[in-house]
Structure formats: C-alpha cells, structure tokens
Amino acid sequence: VKLVDNIQRMSMLSKILKKEGKSIGFVPTMGYLHDGHMSLVRAARQHTDVVVISIFVNPAQFGPGEDLQKYPKDIKHDEEMAGLAGADVLFCPSISEMYPEGYATYINVEHLTETLCGKSRPEHFRGVATVVAKLFGIVKPDIAYFGQKDAQQAAVIKKMSEDLNMDVEIKVLPIAREKDGLAMSSRNVYLSAAERKDAVCLKEALDKAESAIKAGERDPKVIINGMKKLIASKANARIDYIEVVDPKNLRPIVPLSGDILIAMAVFIGNTRLIDNATVKI
Ligand code: PAF
C-alpha cells in the first residue's frame, strides 16, 4: 500500500490516474479499520482500477465532550488491513492541511441532518458533509463506498452529491456484524467486557422489531415500545433515540408501509452506538 500524507500529492496522483483512464474507488474512513471497512474495500477492488482509503479523524464532526481526543488510532494495523484487502493507496492528511488557519467553508445539508442523530449531534453532519466534499475534491473518485450502519450519513452524502452535482457514484453496502450480531464499529473497542455483552441488545431489539412488523404490527409506537423494553433490561444501556422512518427522507412513517428504516442510537456505558435495519412491507 502506498502511503500519501499530503493533499497536493494525492490530488496529483488522482489526476495522473484519470489521465491514464483508470477508475478510482474511494473508501473514506477515520481509521482503526475493521472488517466492515474491509467489505467496502473489497467491493471497490471489484468495481474500480485503483482503490484509495482515506484515514482522517475529522475534528469538524465531533461535538464538545465527544471522543475526538480518544478516538482509537493504529496506523500500522490499518496499513496491514488495507494491504490485505487489496487497497492501493492510504491517504492520511493532517488536520492543519485539511483545516488551515482561516478555514471558513462548511456544507449544510438541510432537513436530513435535523432528525435522528442530528438531534443529539447538531454539528455532526455539517462536519461529515464538509470533509467528504473536501476528500472527493482531492481524491476525485468515480465511486465512493459507505456503510449502511451510518444510514443517515449515507442519505446525507447521497443528497449532497446529488444537489452539488458531484461527479461521483455513491454505493452503500450492508452492515458488517460480529458473530453475535453487534454491528462492527471502531468505537466497540471502548466497551468493557460487561458492556460488550449488553451491546448485543441493539441488534436484538432490531430483530424483535422486524419480527413484529413481519407478524403484521403497523403501529410504530408499539414497535418502539417493544424495543425500549428489551433495551431497558440491560444494566449498561441508555437509549438516545429509536425511530421508525422513511429511509429516503428520514421522516416518521405512521402507519407503517413500504420501505422502512428502524434506526437507533444507544449509549452502552459511555459509548454511543448506532445500528439500524431496513424492512420492506
Ligand atoms: O463514517 C466515517 O468514518 C466518517 O464519518 C467519514 C465518512 C470518514 C467522514 O469523516
């Protein structure tokens, strides 16, 4: 894997690749790579000629009191994982180069960012949209890959690239899970042994909701209450939100019909985890 730590060099490299007629697949990450990231890299490997992974812990998407300072890092491990999955370039820009003094431009995707995670993390998606737009400008991907675990993020990025006529295809791939169902996340490393056990309750609650919908329940309140009950039985769990929404506009659906996104954020100890499921009625 070729390590590139400078914006100009990455931009140059992409320009050369494009001139050579090569397609670029891009997997933006904040590092501490896991199998979820690797499934995106493997897809990129299949569809495009050159695969670029970025690693950048983006300060603009962390709110006050969040885990920016302690976000896990292990660049040696990331290099190894990236190589094994067949990535070609690891782009790791510095904060001072991404946000130099006087930096002043931010992207606000309206409406989609005001619900779900946007309620408890009001600046988060502005930071995500901004950094992804910057990374797209530098890497110039033909296809960019995101995980469905961050369903709202994926919806926001799709909307941004559509609204701003960005010449990039956005592909969203299924959630990668541990054997017991916990969605893979770099933040899972924060969990103690007892918390790790309780963390399975997110997937259990989603399964319970799916079963209820499949059994004919159409009242989102009943479904959400069932999920809340299950989660309340875990000592380390505290719900931030559970909502049942339309996967495109993220607005509540009452009564349930069509495509449905069941989305949730739950604190397990001090760690905020998100998960979701999509159901078609
Ligand atoms: O999903 C993530 O890891 C981040 O939000 C992203 C897309 C890399 C932007 O910083």
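Relevant structure appears above.
Before going into details, it helps to say that this report is about the structure given with it. Just so you know, these numbers come straight off a predicted model, no measurement behind them.

**Topic: the overall build of the protein chain**
Phase 1: Each helix and strand counted, the protein chain has 10 helices and 9 strands in total.
Phase 2: Against the 2.2 N^0.38 benchmark of 19 Å for 281 residues, the protein chain shows a C-alpha radius of gyration of 19 Å, consistent with a compact globule.
Phase 3: When the backbone C-alpha atoms are referred to their principal axes, the protein chain occupies close to 55 × 40 × 40 Å.
Phase 4: For the protein chain, the residues scored as buried account for 53% of the 281 residues in total.
Phase 5: When contacts within the protein chain are restricted to residue pairs at least 6 apart in sequence, long-range pairs at least 24 apart make up 73% of them.
Phase 6: When the accessible surface of the protein chain is split by element, carbon and sulfur atoms take 51% of a total near 13,600 Å².

**Examining the sheet that holds strand E1 (residues 2-4)**
Phase 1: Here we have 6 strands laid out as an open sheet, ordered E1-E4-E3-E2-E5-E6, and parallel in their pairing. For this open sheet the edge positions go to E1 and strand E6 (169-173), each flanked by a neighbour on one side alone. Taking each pair of neighbouring strands and ignoring which way they run, the sheet shows an average axis angle of 25 degrees.
Phase 2: The pairing of strand E2 (residues 24-29) with strand E3 (residues 50-55) spans 6 bridges and is classified as parallel. What sits directly across from Gly25, in E3, is Val51.
Phase 3: The sheet strands contacting helix H3 (residues 75-84) are E1, E3 and strand E4 (89-91), and the helix crosses E4 at an angle near 150 degrees.
Phase 4: This element, helix H6 (residues 124-139), spans E2, E3, E4, strand E5 (143-147) and E6 of the sheet and lies at about 150 degrees to E2.

**Regarding the sheet that holds strand E8 (residues 259-268)**
Phase 1: Spatially, the 3 strands line up as an open sheet ordered E7-E8-E9, and their pairing is antiparallel. Each of the sheet's edge strands pairs with one partner strand only, and the pair in question is strand E7 (237-245) and strand E9 (271-280). On average, each strand axis in the sheet is inclined to that of its neighbour by 15 degrees, with strand direction left out of account.
Phase 2: Helix H10 (residues 220-232) contacts E7 and E8 of the sheet and is inclined by roughly 160 degrees relative to E7.

Basis of the calculations
Residues numbered from 1 in each chain as written. Predicted model: local features only at pLDDT ≥ 70, side-chain atom pairs only at ≥ 80, totals over all residues. Heavy atoms only, no water. Helix = DSSP H or I, 4+ residues; strand = E, 2+ residues; numbered from the N terminus. Rg over C-alpha atoms; globule rule 2.2 N^0.38 Å. Buried < 20%, exposed > 50% of the residue type's maximum accessible area, 1.4 Å probe, protein only. Contact = heavy atoms within 4.5 Å. Areas by Shrake-Rupley, 256 points an atom, 1.4 Å probe, with all protein chains shown as cover. Pairing = 2+ DSSP bridges. Axes fitted to C-alpha atoms, helices over the stretch in contact; angles between N-to-C directions.

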